[in-house]
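Per-entry structural report
This is what each chain is made of:
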Amino acid sequence: DQGGETLRFEAEVAKLLSLMVHSVYSNRDVFLRELISNAADACEKLRMKSLQQPDLLGDDPDFKIVLSADKDGGTLSIADNGIGMDRTELVENLGTIARSGTKAFLDGMTGGDGSALIGQFGVGFYSAFMVASSVEVVSRPAGSDEAWRWWSDGAGTFQLEPVPLEEAPARGTRVLLTLTDEAKTYAEQATIERVVAEYSAHVPVPIVLRIGGDGVGEKSLADGSALWRKAKSAVETSEYNEFYGHVSGQYDEPAVTIHYKAEGRHEYSVLLFVPSMKPFDLFDPERRGRVKLYVRRVYITDEADILPGWLRFVRGVIDSEDLPLNLSREMLQKNPILDAIGKGVTNRILSDLDKLAEKEAETFEKVWEAFGAVIKEGLYEDAERRDGIYKIARFRSTKGDGWRSLADYVADLRPNQTAIYYALGDDLDAIKASPQLEGFARRGIEVLLLADPVDAFWVRTALGFDGKPFQSVTQGSAELDTIPVAEGEAETDAASESAIGTLAALFQQALGERVSAVRASSRLTTSPVCLVAGAGGPDRQLEKILSAQNQ
Ligand code: ADP
Ligand code: MG
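Residues numbered from 1 in each chain as written. Chains lettered and ligands numbered in written order. Predicted model: local features only at pLDDT ≥ 70, side-chain atom pairs only at ≥ 80, totals over all residues.

Digging into the overall build of the protein chain
Of regular secondary structure, the protein chain possesses 17 helices and 19 strands. Taking the principal axes of its C-alpha atoms as reference, the protein chain extends roughly 100 × 55 × 40 Å. Residues classed as buried in the protein chain amount to 37% of the 551 residues present. Sequence-distant contacts, at least 24 apart, represent 72% of the contacts inside the protein chain between residues at least 6 apart. (Helix = DSSP H or I, 4+ residues; strand = E, 2+ residues; numbered from the N terminus. Buried ≥ 20, exposed ≤ 12 C-beta atoms within 10 Å, placed from the backbone. Contact = placed C-beta atoms within 7 Å.)

In structure tokens, the structure reads:
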């Protein structure tokens, strides 16, 4: 046919599709959430673009998503009147350019059940092939008089051809699924209603369901109202959780939900979530956040980085009353209102986490376990919040197996102890086995065990907590001798000073330039020797990290 052609999927996409087609997924419902999410995103993108170009909306200013099910024919379509895709976008978005998450998804999936991973890797569209033997996408960009049809059965290639305008939606995208025999239930009203209620009831675009072809009946499944603008008392936990799924693309439940309206100098609504599962790109060097910025209910961008990098795991929506709607990229970068909102929200998140730590220690510790390593980045890059972060920071230590706060540590100082001691290392067991800790154990001095890579950095700039400096166990410390031995620990035999002096001189001779001094030490009990840094020198673990990076 005229202008039609067959194109090959990019290799990684083809692999992904074959997994979608052939693997057994515990939860196939997710395909519908993914397609509805895409439809809603497309509507929000056009809503935003139409602020500058109102004529893009023509005589159809009301956005909606229409699900049409045909039980007898075994098909389901998801249509939106959003921004649409032109030919190039169809080719790139749906097949030839693997998205950054594709490989990560494939790696994460090996042998496992990927249905919980799909959304967050940006591979949502392909989940259609979990339930469909073939997928047709017809799309017409807003304002364009060209429409294109994309079709594939998921087996290596897809077809592309222009379609006459009368066969295309007036604007936007229609995804038509021919359901496999095992997935026919997704053409049934009850199933669709159940899945939408569970996953998509609060997407910010209305959803209607049409059953059995034209004009038979239309039912509203979701009103498209903005959940974040409702009063907290009017929202159920299940509604929060469902909305969290939509904004995060994840399938876990939020560990913390923060919902409030700020009034005063700036007015804005906030609905944010701390996930319980780590997003896959948590340690990407880009450190991008994904909080969505709205202005008076209109989606603007998720690239404004309103929150600092050390809160990049937070998901959700901030909706401003005061910002202008026509925010350009440059305006987003240096905007005093946005800065003020970012500060206000950051402080609120910190104080909510602090409250959680006090009231529900266990829930908080789970959050800390997942994101503590990221939050600690704030200790060296966000001087203003350092004290707030010290308050919620939790550490492993030589005292028991649980989490310890700095306040716990300071409350248990030994007589004459003035510093907070820490030991850096690659993992807890390695640190615990270090001979450096022996003298501390003997004196009953607690040592914080710091095993996250970020620890080597913040301790360097840390000014101390509660007036107590942080001090590495590998650095010389004079005060150790003044701290009494713990009960039940034997005093070691004091060797004669002259004997030690002779031995130290022998060592010094043998090691020459490689050490700056050889000293007798009270930090060891069973091990004969250990290496320490000078009092002012860098920590040994940091030296190791820095020299590894310079290689
Ligand atoms: P993600 O939504 O995370 O970007 P998807 O695999 O779900 O990943 O979609 C890939 C891309 O295809 C989207 O980013 C979008 O550009 C495009 N797309 C998918 N569905 C639609 C749609 N209904 N309207 C417009 N663009 C769409
Ligand atoms: Mg998507």
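Considerations on unusual backbone geometry
Note: most residues except glycine have negative phi, and most peptide bonds are trans. For Arg287, which is not glycine, the phi torsion reads 55° and is therefore positive. Despite not being glycine, Asn416 shows a phi value in the positive range, around 70°. Tracing the backbone through its elements, the reader meets Asn416 in the loop between helix 12 (406-411) and strand 17 (420-424).

Examining the sheet that holds strand 18 (residues 448-450)
Strands sit in the order 16-15-18-17-19 across an open sheet of five strands; the sheet is mixed. Both outer strands of the open sheet, strand 16 (404-405) and strand 19 (470-472), are each paired with one neighbouring strand and no more. (Pairing = 2+ DSSP bridges.)

Some thoughts on the site of ligand 1
In the neighbourhood of ligand 1, 14 residues make up the surrounding shell, with Asn38, Ala42, Asn93, Gly124 and Phe125 lying closest. When residues in the shell around ligand 1 are grouped by element, the largest group, four residues, is from helix 2 (residues 30-49). Classifying every residue of the shell around ligand 1 by side-chain character gives six nonpolar, six polar and two charged. (Near = placed C-beta within 6 Å. Nonpolar A, V, L, I, M, F, W, Y, C, P; charged D, E, K, R; others polar.)

Focus on the nonpolar core
Core analysis: the biggest nonpolar cluster contains 68 residues, and Ile306, Val314, Ile318, Tyr422, Ala423, Val447 and Leu448 have the highest contact counts within it. Per element, the largest residue contribution to this core is seven residues, and it comes from helix 8 (residues 336-359). Each residue touching Val314, except ones within four places of it in the same chain, is listed here: Leu272, Phe273, Val274, Gly289, Val291, Leu307 and Ile349. Counting residues in hydrophobic clusters, the runner-up holds 62 residues, among them Phe31, Ile118, Val137 and Ala147. (Core = buried A, V, L, I, M, F, W, Y, C linked by C-beta atoms within 7 Å.)

Considering the environment of Gln471
Along the chain, the position of Gln471 falls in strand 19. Overall, Gln471 belongs to the buried group, with 20 C-beta atoms counted inside 10 Å. Measuring from C-alpha to C-alpha, the distance between Gln471 and Tyr421 comes to 4.9 Å, with 50 residues separating the pair along the chain.

A few points about the sheet that holds strand 13 (residues 298-301)
Read from one edge of the open sheet, five strands run 10-11-14-12-13, paired in mixed fashion. Each having just a single partner strand, strand 10 (254-262) and strand 13 make up the two edges of the open sheet. Between one strand axis and the next, the sheet turns by 20° as a mean value, whatever way the strands run. Note: strand 11 (residues 268-275) against strand 14 (residues 315-320), six bridges, orientation antiparallel. Opposite Leu272, over in strand 14, you have Gly316 as the bridge partner. (Axes fitted to C-alpha atoms, helices over the stretch in contact; angles between N-to-C directions.)

Considerations on the packing of helix 8 against helix 9 (residues 361-375)
At a minimum axis separation of 6 Å, helix 8 and helix 9 run at an interaxial angle of 130°. One element, helix 8, and the other, helix 9, form an angle in the oblique class. Along the contact surface, helix 8 presents Leu353, Leu356 and Ala357, while helix 9 presents Ala361, Thr363 and Phe364. (Parallel < 35°, antiparallel > 145°, perpendicular 65-115°, else oblique.)

With respect to the environment of Ser127
Residue position: Ser127 is located in the loop between helix 4 (100-109) and strand 4 (132-140). For Ser127, a count of 24 C-beta atoms within 10 Å gives the class buried. Look past the residues within four positions of Ser127 in its chain and what remains in contact with it is Met20, Val30, Phe31, Glu34 and Ile118.

A look at the confidence of the model for the protein chain
Looking at the protein chain as a whole, its pLDDT mean stands at 89, while 92% of the residues score no less than 70. Interface scoring of the predicted complex returns ipTM 0.99; its pTM is 0.83. (pLDDT = per-residue confidence, 0-100.)

Quick notes on the packing of helix 1 (residues 11-22) against helix 4
For the pair helix 1 and helix 4, the least separation of the axes is 10 Å and the interaxial angle reads 40°. With respect to helix 4, the axis of helix 1 lies oblique. Relative to helix 4, the crossing made by helix 1 is left-handed. Note on element contacts: helix 4 touches helix 1 through Thr102, Lys103, Phe105, Leu106 and Met109, opposite Glu12, Val13, Lys15, Leu16 and Leu19. Here the residues of the contact of helix 1 with helix 4 sort into six nonpolar, one polar and three charged. (Left-handed = near helix turned anticlockwise from the far one by under 90°.)

Focus: the pairing of strand 10
Two faces make up the sheet, and in a regular strand the side chains alternate between them. Bridging between strand 10 and strand 11 involves eight bridges; their strand directions are antiparallel. Opposite Lys261, over in strand 11, you have Ser269 as the bridge partner. In sequence, strand 10 turns back onto strand 11 through a hairpin of five residues, with Gly264 there showing a positive phi of about 135°.

Observations concerning helix 3 (residues 87-96)
Here helix 3 has its buried residues at Leu90, Leu94 and Gly95. Looking down the long axis of helix 3, one finds its buried residues gathered within 75° of arc, a one-sided arrangement. Contacts made by the buried residues of helix 3 are with strand 1 (5-8), helix 1, strand 4, strand 5 (147-152) and strand 6 (157-163). (Arc of directions from axis to C-beta.)

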